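Read off the chains here:
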Amino acid sequence: MPSTVAAAASVALAAEPAVKASPARERLLSVASELFYREGIHRVGMDRLLAEAGVTRATMYRHFSGKEALVAAYLHREDALARAGFAARHPESAEQLIHWIADDLAGTHPRGCAFINAAAEYPDPDSAVRRIVRDHRAWFREAVMRVLEAASVPDATTAADALVQLRDAALVGCSLDGPAVARPAFVATARRLFAA
């Protein structure tokens, strides 16, 4: 797992233009990622972020142009972690894909989906945050479709769309009802999508 996280962090850095890696930047991004996910982006003020990360405002501005740039970096990191997790598991069948999604939502998303949560806080469809959310969702839908096509699932495009929507619901369910309820419901419903 550490190598997966390291690979994801390096992908996240590569996804951001002109990133200057430093311990202070990583500390700020780690604290921001934890607080944004746990409490919501708009609820977390910059003064609190800087205090908890132990960095000055000047240091923050050396690495990020402002809070929205920090939010973008947080979402790029989440995207990189999702991609690394998917690549590490490398599902090759509908059943493996269902279990990877179920394990991911139960293990890493106690407060729902970081991208759905961010989209709810940034309603402007043209904002940078919503573009990152769209890019992540497009990647995920494409990755799901490729697995289903390789597994010869009929109408893989429609099946992928349905599985993505079901995952969205399960992520919200994890947040509201907990993984003990959401995970088995997701698995049972997803299997019905592929029942002959």
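Rules of the game
Residues numbered from 1 in each chain as written. Predicted model: local features only at pLDDT ≥ 70, side-chain atom pairs only at ≥ 80, totals over all residues. Heavy atoms only, no water. Helix = DSSP H or I, 4+ residues; strand = E, 2+ residues; numbered from the N terminus. Expected span 1.5 Å × (residues − 1). Buried < 20%, exposed > 50% of the residue type's maximum accessible area, 1.4 Å probe, protein only. Salt bridge = Lys/Arg side-chain N within 4 Å of Asp/Glu carboxyl O. pLDDT = per-residue confidence, 0-100. Contact = heavy atoms within 4.5 Å.

### Details of helix α2 (residues 23-39)
The first and last C-alpha atoms of α2 sit 24 Å apart over 17 residues, in line with the 24 Å expected at 1.5 Å per residue. Of all the residues in α2, the buried ones are Ala24, Arg25, Leu28, Leu29, Val31, Ala32, Ser33, Leu35, Phe36, Tyr37 and Glu39.

### Things to note about the pattern of salt bridges
Counted according to the given criterion, the structure contains 14 salt bridges. The salt bridge involving Asp47 is made with Arg57; its shortest N-O contact spans 2.4 Å. Of this pair, Asp47 sits in helix α3 (residues 46-53) while Arg57 is found in helix α4 (residues 57-63), placing the two residues 10 residues apart along the sequence. Classification of Asp47 by relative accessible area gives exposed; the value is 56%. Residue Glu142 is joined to Arg146 by a salt bridge in which the shortest nitrogen-to-oxygen separation is 3.9 Å. Linking Glu142 with Arg146, this pair stays in helix α8 (residues 128-150), spanning four residues, or about one helical turn. Several salt bridges share partner residues, and in doing so they unite Glu34, Arg38, Glu39, Arg48 and Glu52 into one network.

### Details of the confidence of the model for the protein chain
Overall, the prediction assigns the protein chain a mean pLDDT of 88, with 89% of residues at 70 or greater. Confidence over residues 1-15 falls short of pLDDT 50; this stretch has 16 contacts with residues more than four positions distant or in other chains.

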